[in-house]
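The lines below spell out each chain.
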Amino acid sequence: MAEIARTSLANEPLALTALDGRYRAAVAPLVDYLSEAALNRDRIHVEVEWLIHLTDNSVLPGTSPFTDEQKAALRKIVTDFNADSVKELAEIEAVTVHDVKAVEYYIANRLEPIGLGHLKPLVHFGCTSEDINNLSYALGVQGGVQQVWLPAARDLVAQLTKMAEDSRDVPMLSRTHGQPATPTTLGKELAVLAWRLTRQLNRIEKTEYLGKINGATGTYAAHYASVPTADWQQVSKSFVEHLGLTWNPLTTQIESHDWQAEVYADIARFNRILHNLCTDVWSYISIGYFAQIPVAGATGSSTMPHKVNPIRFENAEANLEISNGLLDTLGSTLVTSRWQRDLTDSSSQRNIGTAIGHSLLAISNVAKGLDRLDVAEAVLADDLDHNWEVLAEAIQMVMRAEAIAGVEGMDNPYERLKDLTRGHRVDAARLKEFVGELGLSAEAEARLQSLTPGTYNGIASQLVDHLK
């Protein structure tokens, strides 16, 4: 076997994963919230705000509130965070072999130039690493979901809603178990998916992002040992709420991560519904209900020039499955921690950005896929015209109503329609002839004779209004 000649790329600044390589543009906004660099920036933010909070409230004897200029100088440490900062932090961590300790030193190194060198001991005061980490992750997930993921998901649902409204009156043959069934409208079926997705987004919007800052095992032991006169629970609660988070009063060393499991489950459920949309639209494309608008210059197949493949929906399916694999793992792993703390959450949480990134990429692909669809109304109409037997349901229900009203000869309506239609193609003429032979009241017969597969869809069009 010929040996593959390889030039090593390991030392080149190249992406290992598809999200940071091929799909970078689609997920780049998440870097500001869910990357390792963003995590470190948020850690610095939390440490700086904790320092300001302690002095603003004169929690420790000998401290007093900073001036506005000093606060601005401290917060500039956060706003000045950039690629050089990332490199510097990495150099410090190479010595400390501890990421949060590196952040503490990074901040302490900047206090002397702004005249606050004497307060180096106040940086990270009373904190365990998880006090900083849990708040930083909460801020990152909150930002990533609220500022990036949710707007993209809302835009997609708005796009789907418009499609539902535009096609609300387009009659369509339903298929239950893959077989012809009572007709609907295309818009109503799209509205069902939009409604389901919207419910999940409403749940996600209400997510509580919890945080804690209470020491090594959640008891404030070091806090009360050092400053027994302070109301440390109030200090903790007011600080967490100052960051825009919900205070968790009862924890071990770690914040319990239950809120993370909750929001990841909700995002995963949204993903699964979106996956259902992808498979449905893919199937409608395959039977010609949707025509895909070709992209100029694009290639559908490397060997079959005629093809326009539904790749956006297939790509989305794969990314939704990858996202859910990670979200499900995060949800099950993060809610369990041995005794007062183990490290499984640390490695797990570094994959939050990847999990949400694959979902964001899928949303982008579905939006692009939907944008390239045209409704093939003639194909839908032709399909309906070849399935007159779907009116059997309407006929037998009218017969039942007639029987209750006292019209004679309406016995065994289901069985009679079953004999006529099950396993048989029935055209318009034969069905109208059958209706004419039933002995219905004049009003009922006229109603059925005027019915077609294209008009037998109840209030499907009206149901789309629920999206409003």
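Reading the values: rules and limits
Residues numbered from 1 in each chain as written. Predicted model: local features only at pLDDT ≥ 70, side-chain atom pairs only at ≥ 80, totals over all residues. Heavy atoms only, no water. Helix = DSSP H or I, 4+ residues; strand = E, 2+ residues; numbered from the N terminus. Rg over C-alpha atoms; globule rule 2.2 N^0.38 Å. Buried < 20%, exposed > 50% of the residue type's maximum accessible area, 1.4 Å probe, protein only. Domains from an automatic or database assignment. Buried area = accessible area lost by both parts, 1.4 Å probe. Salt bridge = Lys/Arg side-chain N within 4 Å of Asp/Glu carboxyl O. Expected span 1.5 Å × (residues − 1). Contact = heavy atoms within 4.5 Å. Axes fitted to C-alpha atoms, helices over the stretch in contact; angles between N-to-C directions. Parallel < 35°, antiparallel > 145°, perpendicular 65-115°, else oblique. Left-handed = near helix turned anticlockwise from the far one by under 90°. Nonpolar A, V, L, I, M, F, W, Y, C, P; charged D, E, K, R; others polar.

Engineer: Looking at this structure, how should I read the overall build of the chain?
Structural biologist: Counting its regular elements, the chain contains 20 helices and 6 strands. Computed over its C-alpha atoms, the radius of gyration of the chain comes to 31 Å, more than 25% above the 23 Å expected for a compact globule of 468 residues. For the chain, the spread of C-alpha atoms along the principal axes amounts to about 100 × 65 × 45 Å. Across the 468 residues in the chain, those meeting the buried criterion constitute 46%.

Engineer: Teacher, can you tell me more about the domain arrangement of the chain here?
Structural biologist: Many descriptions give the size of an interface as the accessible area lost when the pieces come together. Taken as a whole, the chain is organised into domain 1 (27-127), domain 2 (130-295 + 306-377) and domain 3 (387-467). On a C-alpha basis, the centroid separation for the pair domain 1 and domain 2 is 30 Å. For the pair domain 1 and domain 2, the summed buried surface comes to about 2,400 Å²; carbon and sulfur atoms form 76% of the total. Together, Tyr-33, Leu-34 and Val-46 form the three largest contributors to the area buried by domain 1 at its contact with domain 2, with a combined 23%. Remark: the boundary between domain 1 and domain 2 carries 2 salt bridges. Where Arg-350 meets Glu-36, a salt bridge forms, and the shortest distance between an N and an O atom there is 3.2 Å.

Engineer: How do you make sense of the pattern of salt bridges when you look at a structure like this?
Structural biologist: Side chains bearing opposite charge may pair, as long as their charged atoms lie close to each other. Taken as a whole and assessed by the stated rule, the structure comprises 27 salt bridges. In this structure, Asp-328 engages Arg-272 in a salt bridge whose closest nitrogen and oxygen atoms are separated by 2.6 Å. Highlighted residues: Asp-328 in helix α12 (residues 311-334) and Arg-272 in helix α11 (residues 258-286), separated in sequence by 56 residues. By relative accessible area, Asp-328 is classed as partly exposed at 37%. In the salt-bridge network here, residues are joined through shared partners; they are Glu-36, Arg-43, Asp-99 and Arg-350.

Engineer: Explanation requested: helix α16 (residues 392-404) in the structure shown.
Structural biologist: Structurally, the α-helix is built with 3.6 residues per turn, so residues lying three or four positions apart point the same way. Its 13 residues give α16 an end-to-end C-alpha distance of 19 Å, which sits within 8% of 18 Å, the value for a rise of 1.5 Å per residue. The complete set of buried residues in α16 reads Ala-392, Ala-394, Ile-395, Gln-396, Val-398, Met-399 and Glu-402. Considering only its buried residues, α16 is in contact with α17 (413-421), α18 (428-436) and α19 (442-449). At the exit of α16 stands Gly-406, carrying a positive phi of roughly 100°.

Engineer: Is there a simple way to explain the environment of Ala-291 in this structure?
Structural biologist: In this structure, Ala-291 sits in strand β5 (residues 290-292). In this structure the C-alpha to C-alpha distance between Ala-291 and Ser-450, which are 159 residues apart in sequence, comes to 31 Å. Contacts of Ala-291, omitting those with residues within four sequence positions, involve Arg-372, Leu-373 and Asp-374.

Engineer: What exactly am I supposed to notice about the side chain of Gln-200 here?
Structural biologist: Inspection of the secondary structure assignment puts Gln-200 in helix α8 (residues 186-205). When its relative accessible area of 4% is taken as the criterion, Gln-200 is described as buried.

Engineer: Is there a simple way to explain the packing of helix α3 (residues 36-56) against helix α6 (residues 99-108) in this structure?
Structural biologist: Two quantities define a packed helix pair, namely the angle between the helix axes and the distance between the axes. Where α3 meets α6, the axes come as close as 10 Å, and the angle between the chain directions of the two elements is 60°. One way to sum up the angle between α3 and α6 is to call them oblique. Pair α3 / α6 crosses with right-handed handedness. Where α3 approaches α6, its residues Asn-40, Arg-43, Ile-44, Glu-47 and Val-48 are matched on the opposing element by Asp-99, Val-100, Val-103, Tyr-106 and Ile-107. Of the residues that constitute the contact of α3 with α6, the class distribution is 6 nonpolar, 1 polar and 3 charged.

Engineer: Please clarify how the side chain of Asn-271 should be interpreted in this entry.
Structural biologist: Position of Asn-271 relative to the elements: it lies in helix α11. Taking the relative accessible area as the measure of exposure, Asn-271 reaches 0% and is therefore buried. In this structure Asn-271 touches Leu-320, Ser-323, Asn-324, Leu-327 and Ser-359, once residues within four positions along its chain are discounted.

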